[in-house]
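Chain by chain, the residues:
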Amino acid sequence: MRPEEPNVQVICCPGGPMLVRGMTEVTDDAGVVHRTTRPVVAICRCGKSSRSPWCDGTHKLVGPRRQGAGDGTGRP
């Protein structure tokens, strides 16, 4: 019997973080697993957060992201 798969929802906020609902852990690009018990987490997409992988609002200070940056298209 397979364990029930979680219902995960992802919302990318324009110019801001990626909001993820339903995750119990997030693996960063270095392979480090970060556990969470919150129902919704904000994951940094600007790369400037001091709490990486979590968003700390720094994107508001560094200005708008370039089109395509971190959107999964592979473009810078």
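Heads up: the structure comes first, above all this text.
Remember, it's a predicted structure, so these values are computed and weren't measured experimentally.

Participant: Mind showing me how you'd approach the layout of surface pockets here?
Facilitator: Taken as a whole, the largest pocket spans an internal volume of roughly 200 Å³. The wall of the largest pocket is formed by Met18, Asp28, Asp29, Ile43, Cys44, Arg45, Cys46, Gly47, Lys48, Ser49, Ser52 and Pro53. Taken together, the residues that form the lining of the largest pocket break down as five nonpolar, three polar and four charged.

Participant: Would you explain the side chain of His34 in this entry?
Facilitator: Structurally, His34 can be placed in strand β4 (residues 33–35). At 2.9 Å, the side chain of His34 forms a polar contact with the side chain of Asp28. Contact partners of His34, with chain neighbours within four places excluded, come to Thr24, Glu25, Val26, Asp28, Ser52, Pro53 and Trp54.

Participant: How should I be thinking about empty space enclosed by the protein in this particular structure?
Facilitator: Space left empty within the atom packing is revealed by a probe, the size of a water molecule, rolled over the atoms. Following the criterion strictly, the structure yields one cavity of 30 Å³ or more and no others. Lining the largest cavity are Gly16, Pro17, Cys44, Arg45, Cys46, Ser49, Cys55, Asp56, Gly57, Thr58 and His59. Considered class by class, the residues forming the lining of the largest cavity number four nonpolar, five polar and two charged.

Participant: How do you make sense of the sheet that holds strand β5 (residues 40–43) when you look at a structure like this?
Facilitator: Whether parallel or antiparallel, the strands of a sheet pair through hydrogen bonds between backbone atoms. If you walk across this open sheet you meet the three strands as β1-β2-β5, and the pairing is antiparallel. The open sheet is flanked by β1 (9–12) and β5, the only strands paired with a single partner. Strand-to-strand, the axes of this sheet are offset by a mean angle of 20°, without reference to chain direction. As paired strands, strand β2 (residues 18–21) and β5 are joined by four bridges and run antiparallel to one another. Among the inter-strand pairings, Met18 is bridged to a residue of β5, identified as Ile43.

Conventions used here
- Residues numbered from 1 in each chain as written.
- Predicted model: local features only at pLDDT ≥ 70, side-chain atom pairs only at ≥ 80, totals over all residues.
- Heavy atoms only, no water.
- 1 Å grid on protein atoms, 1.4 Å probe; cavity = no way out; pocket = protein on both sides within 12 Å on 5 of 7 lines; lining within 4 Å.
- Points joined across faces, edges and corners; volume = space filled by probe spheres on them.
- Nonpolar A, V, L, I, M, F, W, Y, C, P; charged D, E, K, R; others polar.
- Helix = DSSP H or I, 4+ residues; strand = E, 2+ residues; numbered from the N terminus.
- Polar contact = N/O pair within 3.5 Å; in protein donor to acceptor, adjacent residues only side chain to side chain.
- Contact = heavy atoms within 4.5 Å.
- Pairing = 2+ DSSP bridges.
- Axes fitted to C-alpha atoms, helices over the stretch in contact; angles between N-to-C directions.

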